[in-house]
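A closer look at the structure
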Amino acid sequence: MTMPSLRVRILIVLCVVLVLSQRWWAPLGNTLFNLVSLSSRWRHASVESWISKDRDGFDVTFASYPVNQTTAGPSYQDAVPPILHHIHLGPNAPRAEWLGARDECIKYHHNWTALIWDDAAAEKLVNEEFPHLSDMWHNYRYPVERVDALRYMVLQTHGGVVLDFDLACKRSLGPLRRFDFVAPAAHPTGFSIGFMMASKGNEFVKNLVDNLAPYNHVWFYLPYVAVMFSTGCHYASTIFTLQEDRASLRILGGITGSPRLHMLNGFVDTPLFRHLGSSSWHNFDAALINWIGHLRRGSILVCLSFGVSLMLTVYYLTSLRRRCAARRNKSMADKFDSESGISCLKHA
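Below you will find a few notes about this structure. (Residues numbered from 1 in each chain as written. Predicted model: local features only at pLDDT ≥ 70, side-chain atom pairs only at ≥ 80, totals over all residues. Heavy atoms only, no water.)

Looking now at helix H10 (residues 223-230). For H10, the tally of buried residues reaches 8 of 8 residues, placing the bulk of the element in the interior. By the burial criterion, the buried members of H10 are Pro223, Tyr224, Val225, Ala226, Val227, Met228, Phe229 and Ser230. (Buried < 20%, exposed > 50% of the residue type's maximum accessible area, 1.4 Å probe, protein only. Helix = DSSP H or I, 4+ residues; strand = E, 2+ residues; numbered from the N terminus.)

This is the structure:
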């Protein structure tokens, strides 16, 4: 019985290793697929969640509501507690323009509780309410990941409204308090986490917290991608699409003729905010995640097929080169033996 070739034996070993290690790579592969395929699932997953006049009886232009309306209104219950949360971690004080933007929000919510989560307050919350996530939270590679994760933890624990420091309010957010969860639509896919409203103990927000650990990877070692996939908007939007029940979740979008009415991309003015556009942590790889956000299911399959084909082609060319080198060396050895009068028979 002939022994299998070295290549076959290596292939068998690799297959055995893959089978034995699938407990590790299968969940990781599934997580990555969920993230990469967000653009193909978002429209279907969110179609019933967009706030509209027909579905919710809500005016998304806010022209129908007083600028100082701090409650949902007489016909609705306030699902979201009257709390404004701002997060600022690190040794440096918040910029003057950020504090000014926060003051604008407090002006329109004068009877709400306004909190700033600094390092001390954040440490206390994480250690007391989420001790199982404490090590991970303290060891995030990028500081903005700690901020993003804290958003979800704060909302789960207290409920209320989480706002980026660079959002200056132009009116009260009270009319939106009727909804259990609200976030503005993002471009090109998903929703923004720079502004979120949620009821205390919200189930979706709990899922955002619970999935922080499984999605905590330094994805492709690209800073922007790593943040967006582990804690950022892309991560949160992916978890949104995986929810079985999205009936109480709402996305604040636009209207006919103005589809980006509430999107917080760059320096913009929306019916609710003046956005200062302080995305200073964005890195050189931001274009990659934006490109992924524009992909459709067919494009994803094409890209994956191209990637696999490219790897197989490289493997084939490398193997061919090695075989040619081996044959060339053997030919040179045979020529040397012939010229030297040396034969393998002499060594038999």
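Further notes follow.
What follows concerns the packing of aromatic side chains. With the rule as written, the count across this model stands at 16 aromatic pairs. With centroids separated by 5.8 Å and ring planes inclined at 70°, the aromatic side chains of Phe181 and Phe191 adopt a geometry described as edge-to-face. Remark: Phe191 occurs in the loop between strand S5 (181-184) and strand S6 (195-198) and Phe181 occurs in strand S5; sequence separation between them is 10 residues. Exposure remark for Phe181: the relative accessible area of 0% places this residue in the buried category. Residue classification places Phe191 among the buried residues on the basis of a relative accessible area of 0%. An aromatic cluster is present here, built from Trp42, Phe181, Phe191, Phe204 and Phe240 joined pairwise through their rings. Above the plane of the ring of Trp137 lies Arg146, whose end atom (NZ or CZ) is 4.2 Å from the centre. The aromatic ring of Tyr76 is capped on one face by Arg178, whose charged end is 3.6 Å from the ring centroid. (Phe/Tyr/Trp six-rings, centres within 6.5 Å; stacked < 30°, edge-to-face > 60°. Lys NZ or Arg CZ within 6 Å of the ring centre and 35° of its normal.)

Turning our eyes to something else, we now look at the environment of Pro188. One can find Pro188 in the loop between S5 and S6. Given the relative accessible area of 29%, Pro188 is considered partly exposed. Sequence separation between Pro188 and Arg260 is 72 residues, and the spatial gap between their C-alpha atoms is 9.9 Å.

What follows covers the sheet that holds strand S3 (residues 160-163). The strand order across the open sheet formed by 6 strands is S2-S1-S3-S6-S5-S7, and the pairing between neighbours is mixed. In the strand order of this sheet, the two ends are held by strand S2 (113-117) and strand S7 (249-252), each with one partner. The average undirected angle you get between the axes of adjacent strands in this sheet is 20°. Sheet topology note: the S5/S6 ladder contains 2 bridges and is antiparallel. (Pairing = 2+ DSSP bridges. Axes fitted to C-alpha atoms, helices over the stretch in contact; angles between N-to-C directions.)

This part takes up the nonpolar core. Grouped together as the largest cluster of nonpolar side chains are 48 residues, with contacts concentrated most on Trp137, Leu150, Tyr152, Met153, Phe181 and Phe191. Per element, the largest residue contribution to this core is 7 residues, and it comes from helix H8 (residues 143-158). Those residues within four positions of Leu150 in sequence are excluded, and the remaining contacts are Ile87, Leu89, Trp117, Ala122, Leu125, Val126 and Trp137. (Core = buried A, V, L, I, M, F, W, Y, C linked by side-chain atoms within 4.5 Å. Contact = heavy atoms within 4.5 Å.)

Together, Leu6, Ile10 and Leu14 make up a nonpolar patch on the protein surface, roughly 300 Å² of accessible area in all. Of note, Ile10 is situated in helix H1 (residues 6-20). According to the relative accessible area criterion, Ile10 is partly exposed, its value standing at 45%. (Patch = residues over 30% accessible without salt bridge, like charges linked within 9 Å, V, L, I, M, F, W, Y side chains within 5 Å. Areas by Shrake-Rupley, 256 points an atom, 1.4 Å probe, with all protein chains shown as cover. Salt bridge = Lys/Arg side-chain N within 4 Å of Asp/Glu carboxyl O.)

Following both chains from N to C, one finds H8 and H10 inclined at 15°, their axes separated by 10 Å at the closest point. Between H8 and H10, the crossing angle belongs to the class labelled roughly parallel. Between H8 and H10 lies a crossing of right-handed hand. The segment H8 lies against H10, with Val144, Glu145 and Asp148 engaging Ala226, Val227 and Ser230. Broken down by class, the residue content of the contact of H8 with H10 amounts to 3 nonpolar, 1 polar and 2 charged. (Parallel < 35°, antiparallel > 145°, perpendicular 65-115°, else oblique. Left-handed = near helix turned anticlockwise from the far one by under 90°. Nonpolar A, V, L, I, M, F, W, Y, C, P; charged D, E, K, R; others polar.)

Let us look at the state of the cysteines. The full count for this structure, using the stated rule, is 1 disulfide. Sulfur-sulfur distance for the disulfide between Cys105 and Cys169 comes to 2.2 Å. Judged by the sign of its S-S torsion, about 90°, the cystine formed by Cys105 and Cys169 is right-handed. Residue Cys105 is found in helix H5 (residues 96-108), and its partner Cys169 is found in strand S4 (residues 167-169); the two are separated by 64 residues along the sequence. (Disulfide = S-S within 2.5 Å.)

Relative to the 18 Å expected for 13 residues at 1.5 Å per residue, H5 spans 19 Å between its end C-alpha atoms, a close match to the ideal helical length. Listed as buried for H5 are Trp98, Ala101, Arg102, Cys105 and Tyr108. Buried positions in H5, seen along its axis, are confined to an arc of 120° and lie on one side of it. In this fold, the buried residues of H5 make contact with strand S1 (83-87), S2, S3 and S4. (Expected span 1.5 Å × (residues − 1). Arc of directions from axis to C-beta.)

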